[in-house]
Amino acid sequence: MSLLVDAPAQPAPAPAEVPPVHWLRRLWPLPAALAIVAAIALVPDWGRAGPGPGEALVSVDGSARVERADGTVERLVGGDGADGPAETTLRQGDGFALVTGRADLELNGSVRMQARAGTSMVMGRTPELRAGDLLVTGAEPTTVTSDGTRVRLDGSSTRSVAARLARTAGLSVGLYRGTARIDSAGAAAAVPGLRRIEVPALGELTEPQPIRYETSDPWDQRYLVDAISLDQQLKRLLPGFVSSAGPDVGRAANLAALLDPIAGMPSRRELARLVDPDRPAGDLLVGATISGLDRGGSYADRWRAAFRFRDAGATWGLVAMDRGVGPKLVLEALGQVFEAEDLDFEDQAGVPGDPVIGGGGEGTGGPGADPGGSGAAEGGGGSTGGGSDGGPQTPTLPPVPTLPPTPTVPPIPTLPPVTDPVGGIVDGLGTTVEDVVDGVGDTVEGVLDPDPDGGPNCLLGVVCT
């Protein structure tokens, strides 16, 4: 019998050593990736368009002074006599003072600013206005501070904001469009569009008031063109209307009959409940017309909102913008009223005043002029139907009547000079005494020697002949 004995297992051959060069080839992507990351870290602005947070690209058409955060000072001169505007980048902590001209600032995102001569500010993630006027626009929230007061502008992708900040002894914040919130040492208030708030001192806020405008101001022209245009047309129309319509036009029944051609007017009974007979007839006509063209809420609500803003000091142009009614719609409706009533206007055209500006803009939500000169368009008003289709159409008015000349007052007659007042008095007395004596002598003579052809003569009513 044979025994089977397992033979011992043969050891496995040792693996062949891989040369180090093969490991290096396998790991080459890792150092390459690290090198690329390091290069990107050394150039943080790669792939990012425009300034970073807290920075601004500034373009100066005039002269300005830049004080860098490290203390160095730069002077910028551009525009007239130079090769285009002067440009630089403001970093966080840099101070900027505009000496002459204007400056456009492009901040991170959609925020744009415009400054005028005399404006100084410090750039940062929250820019600080130290003096002067600043126009701020944007389609995103942004905050500006001034001497401890924070102004947060509530811009959004669906509703851009445009605000005007003026820093003198105090701070004034006016909203062309959008809304803002002001916080001054714990005192806070919201500012709606077309309103302004004054901050006379830290922690003191006034109530919101209607924004004020000047027809020659470029910022006002850009954003309030609808209001300016309508106000100037009404200035020419209303005096003729009031003088032609008569003193009783402000009575509720007469006003209701006058406004019948306008769509959206309420019943005469409802209008009679709203009309205040003490209001000027022109105000009643325009306020009722704007309320009829408005489409927000009931007619009574629209009427009260319009006259509440008017009573606060707003012009009718601002009231129409606030209610979303374009100047063209208002003037067309008034034209229907005037035509239906065949009112004989006195000519108010050509009355000296401000020139008519433009054709009414596009409305608060529509495109308008670029506030910062960088191509970001902002809206130009707050109305619907204004459009840029040739401007508001107004009824044709006859020429201004010539007033009668002022009557000429006749000259005061010149009295002869008195050369000898005492002598005149004595001569006068002598003449009077002489006349009395002659009269008595004639009477006595008539008694003693009567005229045979005359009647009886009596002396003192006693002795008669």
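The model shown is predicted, which means the values in this text are computed figures rather than measured ones.

1. What to know about the overall build of the protein chain
When helices and strands are counted, the protein chain shows eleven helices and 19 strands. Looking at the protein chain residue by residue over its 465 residues, the buried ones come to 40%. Taking contacts inside the protein chain between residues at least 6 apart in sequence as the whole, the part at least 24 apart equals 56%.

2. As for the nonpolar core
Judged by nonpolar contacts, the single largest core of 52 residues is most densely connected at Tyr176, Leu224, Leu259, Leu285, Ile290, Trp303 and Leu318. Among the secondary structure elements, those contributing two or more residues to this core are helix H3 (218–223), helix H4 (225–245), helix H5 (252–258), helix H6 (268–274), helix H7 (281–293), helix H8 (299–311), helix H9 (316–322) and helix H10 (327–341).

3. Side note on the pairing of strand S12 (residues 180–184)
Along S12, the buried face is formed by Ala180, Ile182 and Ser184; none of Arg181 and Asp183, which line the opposite face, is buried. Looking at chain direction, S12 and strand S13 (residues 187–191) are connected through five bridges and run antiparallel. Across the sheet, Asp183 pairs through a bridge with Ala188, a residue of S13. Two successive antiparallel strands, S12 and S13, enclose a turn made up of two residues, where Ala185 displays a positive phi of approximately 55 degrees.

4. Quick look at the pattern of salt bridges
In total, this model carries 19 salt bridges according to the counting rule given. Among the salt bridges present, the one from Glu74 reaches Arg68, with a minimum N-O distance of 3.0 Å. With a shortest N-O distance of 2.7 Å, Arg102 and Asp104 are connected by a salt bridge. The partly exposed category is assigned to Arg102, whose relative accessible area is 35%. A single salt-bridge network, built from bridges that share partners, covers Arg116, Arg164, Asp217 and Asp220.

5. Describing the environment of Arg125
Mapped onto the secondary structure, Arg125 falls in the loop between strand S6 (120–122) and strand S7 (128–138). Assessed through its relative accessible area of 61%, Arg125 is described here as exposed. Arg125 has contacts with Pro53, Gly54 and Gln92, leaving out every residue within four places of it along the chain.

6. Here's the deal with H4
If you check H4, its first and last C-alpha atoms are 29 Å apart, about what 21 residues at 1.5 Å a residue would give, namely 30 Å. A bend of about 30 degrees at Lys235 is the largest found in H4, and the proline Pro239 appears one to four places after it. The element H4 is largely enclosed, with a buried count of 15 among its 21 residues. In the stretch just after H4, Gly246 is the one whose phi turns positive, near 95 degrees.

7. Looking at the environment of Leu90
Tracing the chain through its elements places Leu90 in strand S3 (residues 86–90). Taking the relative accessible area as the measure of exposure, Leu90 reaches 0% and is therefore buried. As for Leu90 and Ala69, which are separated by 21 residues in sequence, their C-alpha atoms are 9.7 Å apart.

8. Some details on the side chain of Arg167
Along the chain, the position of Arg167 falls in strand S10 (residues 161–167). Owing to a relative accessible area of 14%, Arg167 belongs among the buried residues under this scheme. Here Asp147 takes part through its side chain, which lies 3.0 Å from a polar atom of the side chain of Arg167.

9. Considering the environment of Leu134
In this fold, Leu134 is placed in strand S7. Counting along the chain gives 20 residues from Leu134 to Gln114, while the straight-line C-alpha distance between them is 5.8 Å. Filtering out sequence-adjacent residues up to four positions away, Leu134 remains in contact with Met113, Gln114, Ala115, Met121, Leu129, Ala163, Arg164, Leu165 and Trp219.

10. A look at unusual backbone geometry
A positive phi angle, close to 55 degrees, is found at Asp147, a residue other than glycine. Tracing the backbone shows Asp147 in the loop between strand S8 (141–146) and strand S9 (149–154).

Conventions and cut-offs
Residues numbered from 1 in each chain as written. Predicted model: local features only at pLDDT ≥ 70, side-chain atom pairs only at ≥ 80, totals over all residues. Heavy atoms only, no water. Helix = DSSP H or I, 4+ residues; strand = E, 2+ residues; numbered from the N terminus. Buried < 20%, exposed > 50% of the residue type's maximum accessible area, 1.4 Å probe, protein only. Contact = heavy atoms within 4.5 Å. Core = buried A, V, L, I, M, F, W, Y, C linked by side-chain atoms within 4.5 Å. Pairing = 2+ DSSP bridges. Salt bridge = Lys/Arg side-chain N within 4 Å of Asp/Glu carboxyl O. Expected span 1.5 Å × (residues − 1). Bend = angle between axes of the 7 residues up to and from the residue. Polar contact = N/O pair within 3.5 Å; in protein donor to acceptor, adjacent residues only side chain to side chain.

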